[in-house]
Amino acid sequence: MKIYETGRVCVKTMGRETGSYCVIVASKDENMVVVTGPKKISGVRRRPCNIKHLEPLETQLEIAEDADDETVEKAITDAGLLEKFRSKVRLPQ
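Here the structure is a predicted model, which is why all the values come from computation and not from measurement. (Residues numbered from 1 in each chain as written. Predicted model: local features only at pLDDT ≥ 70, side-chain atom pairs only at ≥ 80, totals over all residues. Heavy atoms only, no water.)

> What should I look at first to understand the environment of valine 25 in this one?
Mapped onto the secondary structure, valine 25 falls in strand β2 (residues 21-27). We classify valine 25 as buried; its relative accessible area is 0%. A C-alpha to C-alpha distance of 10.0 Å links valine 25 and leucine 61, two positions 36 residues apart in sequence. Sequence-distant contacts of valine 25, defined by excluding residues within four places in its chain, comprise Thr6, Val34, Val35, Thr36, Arg46, Ile63, Ala64, Glu65, Asp66, Ala67 and Val72. (Helix = DSSP H or I, 4+ residues; strand = E, 2+ residues; numbered from the N terminus. Buried < 20%, exposed > 50% of the residue type's maximum accessible area, 1.4 Å probe, protein only. Contact = heavy atoms within 4.5 Å.)

Below you can see the structure in the form of C-alpha cells.
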C-alpha cells in the first residue's frame, strides 16, 4: 500500500498554501504528485507537488486517476469534508 496514492487527503506543509487541505489526483514519480484543493474550496490550485511538502492523512476519497476538480469536489461533499477543507490547519513551528 502506497501512502501517496490517488484520492489521499493531505495537508500542505510548505509554501503559501501551508495548512490547506488538498487531494492527490495523480502520481508523477516517486517524489512528485499532482494535488488539487480544488481552488474554490481550499485555495489549493491543481499543480505538481513534492511529497516532502505534504502531510498525508488517514482519509482517502474514491476518485479516478486525473479526476477533474468537479469530481473531486463531489467526492469531498459526499464524504462530508466540505467544511474541513474550507478551514486551515495550524502546523507546529
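Following the structure, the description resumes.
> Which parts of the structure should I look at to understand the pairing of β2?
Side-chain positions along a regular strand alternate between the two faces of the sheet. Counted residue by residue, β2 has six buried out of seven residues, so it is predominantly covered. Sheet analysis places strand β1 (residues 8-12) next to β2, joined by three bridges and oriented antiparallel. Across the sheet, valine 11 pairs through a bridge with tyrosine 21, a residue of β2. Examined bridge by bridge, β2 and strand β3 (residues 32-36) share four bridges and lie antiparallel to one another. Each residue of the ladder has a partner; that of alanine 26, found in β3, is valine 34. Taken together, β2 and the strand that follows it, β3, pair antiparallel across an intervening segment of four residues. (Pairing = 2+ DSSP bridges.)

> How should the packing of aromatic side chains be read in this particular structure?
Think of a pair of aromatic rings as described by two things: how far the centres are apart, and how the planes are tilted against each other in angle. Throughout the structure, instances matching the rule amount to one aromatic pair. Taken together, a centroid distance of 5.5 Å and an interplanar angle of 35° make the contact between tyrosine 21 and phenylalanine 85 tilted. Linking tyrosine 21 in strand β2 with phenylalanine 85 in helix α3 (residues 82-86), this pair joins segments that are 64 residues apart in sequence. The buried category is assigned to tyrosine 21, whose relative accessible area is 9%. (Phe/Tyr/Trp six-rings, centres within 6.5 Å; stacked < 30°, edge-to-face > 60°.)

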